[in-house]
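Listed below are the residues making up each chain.
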Amino acid sequence: MIVGDLLELDDLHIEVAWASPHLLDREVTGVTSTDLQDPARYLQRGELVLSGLVWWRPDEGQGAMRFANSLRTAEVAALLAGEGTHGSVPPELVEACRRHGIPLLSVPAGTSFRSVTDRVYLRLWGDLQAHAEGQAALPAAARRALTQLIRDQAALDHLLERAVADLGLPGCSLTTGAGRVLAGSEPAAGPSPKLSAPSARHTGPASVPVGPPGETPFDGWQLRPHSEPGPTATALLHGLAELLTPLATRERATATAQRQTGTRLIELLDSGSDTEAEAERALALSGLPPHRRLTAVAARIDGAPATWTAAALAEALHELDAPFVAAPDGRGGAAALSPVPEARIAQALQSALPRLEAGLTGGRRLRLGTGSTVDPHAGELRSALVQARYALDVEPPGTVGRCARITTLETLLRGVPAEITADFRRRLLAPLIEHDRTNTVSLLDTLDAFLRHSASWSRTAEALHLHVNTVHYRIKRIEELTGRSLLKLEDRLDLWAALRCAPV
């Protein structure tokens with residue numbers, strides 16, 4: 001496929017904004033979407049780049065030049081600029097592409113980027129199949145039948161069922177690298193293929209990779225036979241994997257585009273009120289349903305790249321079968337927005353957590369947290385993201401932190417960094433800690449009992465098996481050592497909070 005082939009797709013209404021004839025002859029290797037101003041590190045040589053131009057602002061004179069230079073550095077085939085954001089392709093971008101030798105095509109507002117991506121990959125896939133005809137392991141008749149199903153955009157379940165039936169293969173599942181089942185030809189022994197075992201990685205017959213390996217443990221597709229295939233079936237499985245490779249590649253391109261769009265949205269939400277208008281515009285272009293309340297989610301894998309975390313979070317949210325945006329958040333973790341209510345999201349995250357952690361090595365753990373479900377306005381979403389990030393540290397690894405469950409001082413304190421709570425505890429309780437180190441009488445235990453029993457002298461004495469006068473003496477000593485009065489509510493609260501802070 002060459003760049004000029006796009007102009008022949010009449011239903012997409014793509015037109016040339018600037019290009020010389022020889023540039024339209026450039027070979028196309030794939031397609032990716034981005035709204036980053038410097039996307040070079042995400043691009044591959046020969047790719048078509050789709051951009052909604054969310055990054056472009058008229059007051060940034062060099063923005064278009066920086067973007068075009070980034071594309072030239074990556075040696076992309078062409079830029080397809082969407083007209084939906086600004087109404088037309090900005091003249092500054094046309095000039096920048098001309099100076100850097102980047103073919104520039106315009107995509108009208110009525111043409112979705114998903115439609116362009118699908119058509120490009122179907123064309124690339126057709127070229128690949130024409131080249132591979134007669135070379136792969138699949139019989140020609142079966143290849144033609146399956147090829148037609150792919151062209152007709154048949155459901156993956158139907159495609160896999162047909163492949164198993166026509167080729168005489170054992171039952172198979174098509175899964176992601178993280179074990180999420182995309183399609184199944186028949187129930188496997190044990191768990192249903194739609195609910196893959198959450199506690200461990202696949203341990204049956206060896207799987208066959210579909211397409212190149214992913215960048216994270218959660219990427220890529222796998223063909224997993226339910227029983228051990230013989231030599232002939234193994235060869236046919238590899239042929240089927242080859243046939244499905246362009247679909248896996250297209251799916252990865254779509255996920256990359258969504259992640260990059262999400263990165264810009266999360267970045268704008270985190271930037272504050274100065275970028276509120278831009279954040280609202282990015283939200284409108286994110287693919288999330290308009291006017292629906294959204295739930296914020298945060299994730300982190302300590303000691304792993306943010307791209308791993310974003311991929312893991314996306315895997316978990318796919319189980320809800322609802323639109324979402326998930327992306328690295330620029331803080332070492334990832335964040336997501338989804339129109340699903342918080343309680344359902346928390347349940348899905350908790351269910352997916354063991355399966356996702358099974359793919360991690362080196363003792364790494366995945367932390368997840370949910371914020372509130374709020375109206376789709378930048379200010380409220382910003383607050384919900386803060387809540388989600390705090391909530392993921394409230395619960396230990398293995399449990400989803402939920403802002404909705406932070407209802408006590410003790411749970412509130414769990415999200416505060418341990419270095420802060422430990423220092424707070426030391427500063428308020430150091431005299432009592434030092435006293436207890438050299439005495440058999442524990443003033444810390446006395447203080448804890450006194451506060452637990454609502455400052456009741458008699459109930460504290462009963463709980464500690466002491467005379468009331470002894471409790472009076474110890475409380476007076478506590479007040480002398482700490483400089484706090486247990487008659488004052490604020491001092492009681494401070495000491496109660498210090499007791500709830502665990503030492504490091």
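Reading the values: the criteria
Residues numbered from 1 in each chain as written. Predicted model: local features only at pLDDT ≥ 70, side-chain atom pairs only at ≥ 80, totals over all residues. Heavy atoms only, no water. Helix = DSSP H or I, 4+ residues; strand = E, 2+ residues; numbered from the N terminus. Rg over C-alpha atoms; globule rule 2.2 N^0.38 Å. Buried < 20%, exposed > 50% of the residue type's maximum accessible area, 1.4 Å probe, protein only. Contact = heavy atoms within 4.5 Å. Areas by Shrake-Rupley, 256 points an atom, 1.4 Å probe, with all protein chains shown as cover. Salt bridge = Lys/Arg side-chain N within 4 Å of Asp/Glu carboxyl O. Pairing = 2+ DSSP bridges. Axes fitted to C-alpha atoms, helices over the stretch in contact; angles between N-to-C directions. Expected span 1.5 Å × (residues − 1). Core = buried A, V, L, I, M, F, W, Y, C linked by side-chain atoms within 4.5 Å. Phe/Tyr/Trp six-rings, centres within 6.5 Å; stacked < 30°, edge-to-face > 60°.

K.L.:
Can you walk me through the overall build of the chain in this structure?
P.N.:
Assigned secondary structure in the chain consists of 16 helices and 14 strands. Taken against the 2.2 N^0.38 rule, which gives 23 Å for 504 residues, the C-alpha radius of gyration of the chain at 29 Å runs more than 25% over that of a compact globule. Projected onto its principal axes, the C-alpha coordinates of the chain cover approximately 95 × 65 × 35 Å. The buried share of the chain, reckoned over its 504 residues, is 50%. In the chain, the proportion of contacts linking residues at least 24 apart, taken out of those at least 6 apart, comes to 67%. Surface exposure of the chain reaches about 23,300 Å², of which carbon and sulfur atoms provide 52%.

K.L.:
Can you walk me through the pattern of salt bridges in this structure?
P.N.:
A side chain with one charge can pair with a side chain of the opposite charge if their charged atoms come near. Scanning all chains against the criterion turns up 28 salt bridges. With a shortest N-O distance of 2.7 Å, Glu75 and Arg45 are connected by a salt bridge. In this pair, Glu75 sits in the loop between helix 1 (63–74) and strand 4 (78–82) while Arg45 sits in the loop between strand 2 (30–33) and strand 3 (47–51), placing the two residues 30 residues apart along the sequence. On the basis of relative accessible area, Glu75 is assigned to the partly exposed category, the value being 46%. For Arg500, the salt bridge identified is with Asp448, shortest N-O distance 3.2 Å. Note that Arg500 is positioned in helix 16 (residues 489–500) and Asp448 in helix 13 (residues 443–452), a separation of 52 residues in sequence.

K.L.:
Where do I start with the sheet that holds strand 4 in this structure?
P.N.:
Taking strand neighbours across the sheet as the criterion, the five strands line up as 1-5-4-3-2 in an open arrangement whose pairing is mixed. Both outer strands of the open sheet, strand 1 (15–18) and strand 2, are each paired with one neighbouring strand and no more. Averaged over all pairs of adjacent strands, the angle between their axes in this sheet comes to 30 degrees, without regard to strand direction. Here four bridges tie strand 2 to strand 3, and the two strands are oriented parallel to one another. Bridging from a neighbouring strand, Val31 pairs with Leu48 of strand 3. Strands in contact with helix 2 (residues 91–100) are strand 1, strand 4 and strand 5 (104–107); relative to strand 1, the strand with the most contacts, it is inclined by about 75 degrees.

K.L.:
Is there a simple way to explain helix 16 in this structure?
P.N.:
Residues spaced three or four apart along an α-helix face the same direction, because each turn holds 3.6 residues. Between its first and last C-alpha atoms helix 16 spans 16 Å; for twelve residues at 1.5 Å apiece the expected length is 16 Å, and the two agree. Buried within helix 16 we find Asp491, Leu495, Ala497, Ala498, Leu499 and Arg500. The elements touched by buried residues of helix 16 are helix 11 (409–414), helix 12 (418–438) and helix 13.

K.L.:
Whenever I open this one, the sheet that holds strand 8 (residues 208–210) confuses me. Can you help?
P.N.:
Strand-to-strand pairing in sheets goes through backbone hydrogen bonds, with the strands running parallel or antiparallel. The strand order across the open sheet formed by four strands is 7-6-9-8, and the pairing between neighbours is antiparallel. In this open sheet, the two edge strands, each paired with only one partner strand, are strand 7 (181–184) and strand 8. Across the sheet, the mean angle from the axis of one strand to that of its neighbour is 25 degrees, orientation sign disregarded. With five bridges joining them, strand 6 (residues 172–176) and strand 9 (residues 221–225) adopt antiparallel strand pairing. Of the residues in strand 9, the one forming a bridge with Cys172 is Pro225. Running over the sheet, helix 5 (residues 156–167) touches strand 6, strand 7 and strand 9 and is turned about 45 degrees from strand 7.

K.L.:
Explanation requested: the nonpolar core in the structure shown.
P.N.:
One recurring pattern in soluble globular proteins is that nonpolar side chains are buried together. Formed by 30 residues in total, the largest nonpolar core has its most connected members in Phe218, Ile301, Leu313, Leu317, Leu349, Leu366 and Leu368. For this core, the secondary structure elements donating two or more residues are strand 10 (294–301), helix 8 (306–318), strand 12 (334–338), helix 9 (342–357) and strand 13 (366–374). Tallying contributions element by element places helix 8 first for this core, with eight residues. If near-sequence neighbours (up to four positions away) are discounted, Leu313 is found in contact with Val297, Ala299, Ala326, Ala334, Ala335, Ala336, Leu349 and Leu368.

K.L.:
Even after reading the chapter, I still don't get the packing of aromatic side chains, so can you show me in this structure?
P.N.:
How two aromatic rings sit relative to each other is set out by the distance from centre to centre and by the angle between their planes. According to the stated counting rule, one finds two aromatic pairs in the structure shown. Geometrically, the ring pair formed by Trp55 and Phe67 is stacked, given 4.3 Å between the ring centres and 25 degrees between the ring planes. Within this pair, whereas Trp55 is found in the loop between strand 3 and helix 1, its partner Phe67 is found in helix 1, the two being separated by twelve residues in sequence. With a relative accessible area of 0%, Phe67 lands in the buried category.

K.L.:
Would you mind going over the pairing of strand 6 with me for this structure?
P.N.:
Put simply, side chains in a regular strand alternate between the two faces of the sheet. Among the five residues of strand 6, five are classified as buried, and the element is accordingly described as predominantly covered. Burial of strand 6 is two-sided: the residues Cys172, Leu174 and Thr176 facing one way and the residues Ser173 and Thr175 facing the other way are all buried. In this structure, strand 6 lies alongside strand 7, joined through three bridges in antiparallel fashion. Pairing of Thr175 across the sheet is with Val181, part of strand 7. Here strand 6 folds back onto strand 7 in antiparallel fashion, the turn holding four residues, of which Gly179 has a positive phi close to 95 degrees.

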